[in-house]
Amino acid sequence: MRNFAIAIVAVLGAGTASAQTEQTDSAVAQPQVAQEALADSVAAEPEIQEMQHDTMSISAVMEACMAMRDAAATHDVDAIRRASSELRDCQTTPFNQLRCKDDSIASLSGHLVFDETFADSLASGVDVYSRADAMSHRRGPSRGQTADGSILTKTCFVKAKQSTKYTFSSRGLQELAVVAEAGGLVTMRIHVTNRVGLDVRYDDTKMVKRGMPQRSTSFNLPTDRLNTVELEIINCGTTDCSFVVISN
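Overview of the structure. Note that this is a predicted model, so its numbers are computed, not measured. Position labels on residues start from 1 in each chain and follow its written sequence. It should be noted that, the model being predicted, local features are given only for residues of pLDDT at least 70 and side-chain atom pairs only at 80 or more, the latter also being counted only at that level, while totals for whole chains, interfaces and linings use all residues. Only heavy atoms go into the side-chain values, all of them from the structure, while hydrogens and water stay out.

Where helix H2 (residues 77-90) meets helix H3 (residues 116-123), the closest approach of the two axes is 9 Å, and the angle between their N-to-C directions is 160°. Considering the angle they form, H2 stands roughly antiparallel to H3. The element H2 and its partner H3 pack so that their crossing is left-handed. Two secondary-structure elements touch here, H2 through Val-77, Ile-80, Arg-81, Ser-84, Leu-87 and Arg-88 and H3 through Glu-116, Thr-117, Ala-119, Asp-120, Leu-122 and Ala-123. Under the scheme applied here, ten amino acids are nonpolar (Ala, Val, Leu, Ile, Met, Phe, Trp, Tyr, Cys and Pro), four are charged (Asp, Glu, Lys and Arg), and all others, including Gly, are polar. Residues of the contact of H2 with H3, tallied by class, amount to 6 nonpolar, 2 polar and 4 charged. Geometry is summarised by axes, namely lines fitted to C-alpha atoms with helices restricted to the contacting stretch, and by angles between N-to-C directions that run from 0 to 180 degrees. Helix and strand definitions here come from DSSP, where helices need a minimum of 4 consecutive H or I residues and strands a minimum of 2 consecutive E residues; each element is numbered from the N-terminal end. Should an angle fall under 35 degrees it is taken as roughly parallel, and over 145 as roughly antiparallel, whereas 65 to 115 is taken as roughly perpendicular and any remaining angle as oblique. Whether a crossing is left-handed or right-handed is set by the direction in which the near helix is turned from the far one by less than a right angle, anticlockwise for left-handed and clockwise for right-handed. In what follows, a contact means two residues having at least one pair of non-hydrogen atoms within 4.5 Å.

The next point concerns the side chain of Ser-242. Position of Ser-242 among the secondary structure elements: in strand E10 (residues 241-247). Type-normalised accessible area, obtained with a 1.4 Å probe on protein chains alone, sets the label of each residue: buried when under 20%, exposed when over 50%, and partly exposed for intermediate values. According to the relative accessible area criterion, Ser-242 is buried, its value standing at 0%. We call two N or O atoms a polar contact when they sit within 3.5 Å, provided that within protein one can donate a hydrogen and the other can accept it, with sequence-adjacent residues counted only if both atoms are side-chain atoms. There is a polar contact of 2.8 Å between the side chain of Ser-242 and the backbone oxygen of Leu-112. In this structure, Ser-242 is in contact with Leu-108, His-111, Leu-112, Phe-114, Thr-155, Cys-156, Phe-157, Ala-180 and Glu-181, ignoring residues within four places of it in sequence.

With a phi angle near 50°, Gln-91 is a residue other than glycine that sits in the positive phi range. Counting through the fold element by element, Gln-91 comes out in the loop between H2 and strand E1 (93-94). Residue Met-207 is not a glycine yet carries a positive backbone phi of 50°. Topologically, Met-207 is positioned in the loop between strand E7 (199-201) and strand E8 (214-221). Classification of Met-207 as partly exposed rests on a relative accessible area of 35%.

Next up on the list: the pattern of salt bridges. We define a salt bridge as a contact between a side-chain nitrogen of Lys or Arg and a carboxyl oxygen of Asp or Glu at a distance within 4 Å. Across all of its chains, the model carries 8 salt bridges by this definition. For the salt bridge of Glu-232 with Arg-189, the shortest nitrogen-to-oxygen distance reads 3.8 Å. You can see Glu-232 sitting in strand E9 (residues 227-235) and its partner Arg-189 sitting in strand E6 (residues 186-193), a full 43 residues away along the chain. Classification of Arg-189 as partly exposed rests on a relative accessible area of 36%.

As used in this record, nonpolar core signifies buried Ala, Val, Leu, Ile, Met, Phe, Trp, Tyr and Cys residues forming a set joined through side-chain atoms within 4.5 Å. Cys-65, Met-68, Leu-112, Phe-118, Leu-122, Val-179 and Ile-246 are the most contacted members of the largest nonpolar core, which has 30 residues in total. Among the secondary structure elements, those contributing two or more residues to this core are helix H1 (2-74), H2, H3, helix H4 (132-137), strand E5 (172-180) and E10. With 9 residues, the top contributor of residues to this core is H1. Dropping the residues within four chain positions of it, Val-179 is found in contact with Met-62, Cys-65, Met-66, Arg-69, Phe-114, Pro-213, Gln-214, Phe-243, Val-244 and Ile-246. Among the nonpolar cores identified, the runner-up in size contains 22 residues, and Cys-156, Phe-168, Leu-176 and Ile-190 belong to it.

Turning to H2, a few remarks are in order. An expected span of 1.5 Å times one less than the residue number is assigned to each helix. For H2, which comprises 14 residues, the first-to-last C-alpha distance of 20 Å matches the rise-based estimate of 20 Å (1.5 Å per residue) to within 8%. Of the residues making up H2, those classed as buried are Ala-79, Ile-80, Ala-83, Ser-84 and Leu-87. Buried positions in H2, seen along its axis, are confined to an arc of 140° and lie on one side of it. Between the side-chain oxygen of the N-cap and the backbone nitrogen of Asp-78 there are 3.3 Å, and the N-cap of H2 in question is Asp-76. Just beyond H2, the residue with positive phi is Gln-91, at close to 50°. Taken from the helix axis, the directions to the C-beta atoms give the arc we talk about.

The next subject is the packing of aromatic side chains. Pairs were defined over the aromatic rings of Phe, Tyr and Trp, the Trp ring being its six-membered one, requiring ring centres within 6.5 Å. Orientation was assigned from the angle between planes: stacked under 30 degrees, edge-to-face over 60, tilted for the rest. Evaluated as defined, the whole model comprises 4 aromatic pairs. With a centroid separation of 5.2 Å and 70° between ring planes, the pair formed by Phe-95 and Phe-168 is classed as edge-to-face. Placement of Phe-95 in the loop between E1 and strand E2 (99-100) and of Phe-168 in strand E4 (residues 163-170) is noted, with a sequence separation of 73 residues between them. Phe-168 matches Phe-95 in its accessibility class, with the two residues each being buried. Taken together, a centroid distance of 4.0 Å and an interplanar angle of 5° make the contact between Tyr-202 and Phe-219 stacked. A residue pair is termed long-range when its members are at least 10 positions apart, and Tyr-202 in the loop between E7 and E8 and Phe-219 in strand E8 qualify at 17 residues. According to the relative accessible area criterion, Phe-219 is buried, its value standing at 4%.

Interpretation in functional terms is not warranted from these geometric data alone.
Below is the structure:
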């Protein structure tokens, strides 16, 4: 009997030791899982921050253009200078790849050009509206989507109650915004195609007939090939107006 009791105690002792070992292993494994999850989170963080930066960048340009429009409309010199500084800080790139499909391009003369140099001239009391065409064409070489994340801008023009169409190439995440000069009301229609049959639309759906002073949208396009984006801007207002197209 004594030998039997000793055997039972030995078995129970071994079971307790095994359970303690499993608990210890579990306790060790849990921090490893947590550390791995933390490492994954840290590894993913730069990508998330980059996406947020890009979104904020196009928003910053849009806000600066809206500020310039409002300041120019009220002839507020201090506000014009602030808007110019904000635009300069955005370090935009000319969106010269944006091609007008119209047979003839109407003159911007007498209308606002969304550009920091134009704003500087306004703040200095220079009448640059008469030289709007030259101011809008003075910027650098033609470029499409930029590898360094620069935001693209181009000032364009549309007659009252008419529309104008533009095309450009794009792939991946496409962000677009349009800001009209004071009094302008616009609506966007966007048609995307490619050589393998893509045929989709990203038209505005809010206040389409009445138009809005500014518009913005974003959508994802195939990344394995270039896609052709046709952007139509409809002037819903009763006066001619300039507008700026903003793209990532």
